[in-house]
Amino acid sequence: MKSTYQRLLDLRRQSGAGFLVLLDPDSASPHELGLKAATCQAAAVDAILIGGSLMMRDGFSEAVTAVKQNCKLPVIIFPGGPTQLSADADAVLFLSLISGRNPQHLIGDHVVAAPVVKRLGLETIPTGYMLIGSGSPTAVEFMSDTRPLPPDKPDLAAVHALAGQYLGLKLIYLEAGSGARSAVPVEVIAAVRRWVDLPLIVGGGIRTPDQAAAAVEAGADFIVIGTALEGQASSDDVARFADVVHRAGRGRSKR
Ligand code: 1GP
């Protein structure tokens, strides 16, 4: 069977860009997350990310199971910590926080998680996770005890991503932080795109379809949205984002 990573690569090749929705197990019950996953599938979302930085509620595994049971999309864990693992997911982003200098997020948590991942038989996608400053402190910045890269230094972001590529990472995730005041600047996305060939995920603080399209046009392969699609967001809202990302991706692949 095709790996989840291969499915992402195929998606990038065939569609130019993909749209991912982040489901936070703290934001809703497993039942509600399952319903949301079904909506995502109907709205042409390409994959689900699931994870959260706090885990105020119990039941991470139950949330993953509910999401998996309610859609056929790839379900990828985006872990807020080494305990957020579940055999029901298709893969886990095995994150190295390469914008920071905190050894816990470069190797410490990985050692804790590795034997559990092995036991669960989960596919890992080695991911260079990079925090980009967004104008005010975010939960991920506080929780990870790292400083984000300055948003007005695109070259600095580019060389971090390139180092990640040379270290053998398979994906770069440019993150402004969930609910960030400002999304990752297009200049940062474009600089990273010029320097690395790896699939590029961009998320954090994207609130409008126009912002999502601009990120794809700048070079993002996958757009992630969480906050803007939580709560009262309708399936039309989800579909609108998916449509814009796919159109921008097709436009890019024609160039
Ligand atoms: C956060 O990139 C994701 O890790 C999504 O961010 O919640 O701001 O959409 P938002």
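Rules used throughout
- Residues numbered from 1 in each chain as written.
- Predicted model: local features only at pLDDT ≥ 70, side-chain atom pairs only at ≥ 80, totals over all residues.
- Heavy atoms only, no water.
- Patch = residues over 30% accessible without salt bridge, like charges linked within 9 Å, V, L, I, M, F, W, Y side chains within 5 Å.
- Areas by Shrake-Rupley, 256 points an atom, 1.4 Å probe, with all protein chains shown as cover.
- Salt bridge = Lys/Arg side-chain N within 4 Å of Asp/Glu carboxyl O.
- Helix = DSSP H or I, 4+ residues; strand = E, 2+ residues; numbered from the N terminus.
- Near = heavy atom within 4 Å.
- Polar contact = N/O pair within 3.5 Å; in protein donor to acceptor, adjacent residues only side chain to side chain.
- Nonpolar A, V, L, I, M, F, W, Y, C, P; charged D, E, K, R; others polar.
- Contact = heavy atoms within 4.5 Å.
- Expected span 1.5 Å × (residues − 1).
- Buried < 20%, exposed > 50% of the residue type's maximum accessible area, 1.4 Å probe, protein only.
- Pairing = 2+ DSSP bridges.
- Axes fitted to C-alpha atoms, helices over the stretch in contact; angles between N-to-C directions.
- Phe/Tyr/Trp six-rings, centres within 6.5 Å; stacked < 30°, edge-to-face > 60°.

**Student:** In this structure, what is going on with a nonpolar patch on the surface? I would like to understand it.
**Tutor:** Taken together, the side chains of Leu106, Ile107 and Val111 define a hydrophobic patch exposed on the protein surface, amounting to about 260 Å² of accessible area. Inspection of the secondary structure puts isoleucine 107 in the loop between β4 (91–97) and α4 (108–120).

**Student:** Got a minute to help me understand the site of the ligand in this structure?
**Tutor:** Contacts to the ligand come from 13 residues, most closely from Glu175, Ser178, Gly179, Gly205 and Thr227. Interatomic distance of 2.7 Å between a backbone N/O atom of glycine 205 and an oxygen atom of the ligand. Threonine 227 places a side-chain nitrogen or oxygen 2.5 Å from an oxygen atom of the ligand. Split into classes, the residues belonging to the shell around the ligand amount to four nonpolar, eight polar and one charged.

**Student:** Whenever I open this one, the side chain of threonine 146 confuses me. Can you help?
**Tutor:** Mapped onto the fold, threonine 146 is located in the loop between α5 (139–144) and α6 (154–166). A polar contact of 2.9 Å, which involves the side chain of threonine 146, links it to the side chain of serine 144. Aside from chain neighbours lying at most four places away, what touches threonine 146 is Leu97, Gly100, Arg101, Asn102, Leu131 and Glu141.

**Student:** What's the story with helix α1 (residues 4–15) in this structure? I'm lost.
**Tutor:** Quick reminder: α-helices carry 3.6 residues per turn. Residues three or four places apart thus point the same way. Under the 1.5 Å per step criterion, the end-to-end length of α1 is 16 Å for twelve residues, consistent within 8% with the ideal 16 Å. Every buried residue belonging to α1 is among Thr4, Tyr5, Leu8, Asp10 and Leu11, and all of these are buried. Those residues of α1 that are buried lie in contact with β1 (18–23), β3 (75–77), β4, β5 (123–131), β6 (171–175) and β8 (222–225). Positioned one or two residues after α1, glycine 16 has a phi angle of 85°, which is positive.

**Student:** Is there a simple way to explain the sheet that holds β8 in this structure?
**Tutor:** One closed barrel holds the eight strands; their spatial order is β1-β2-β3-β4-β5-β6-β7-β8, and the pairing between them is parallel. Neighbour-to-neighbour, the strand axes of this sheet turn through a mean angle of 30°, independent of strand direction. Relative to β8, β1 is paired through four bridges, and the arrangement is parallel. Within the sheet, the bridge partner assigned to leucine 20 lies in β8 and is valine 224. Relative to β4, α4 is tilted by about 165°, and along the sheet it contacts β4 and β5.

**Student:** Teacher, can you tell me more about the packing of aromatic side chains here?
**Tutor:** One pair of aromatic rings is described through two measures. These are the centre distance and the angle between the planes. For the structure on display, the rule yields four aromatic pairs. When the ring of phenylalanine 78 is compared with that of tyrosine 129, the centres are 5.6 Å apart and the planes differ by 80°; the resulting orientation is edge-to-face. Here phenylalanine 78, found in the loop between β3 and β4, pairs with tyrosine 129, found in strand β5; they are 51 residues apart in sequence, far enough to count as distant. We classify phenylalanine 78 as buried; its relative accessible area is 9%.

In short, geometric facts, not functional conclusions.
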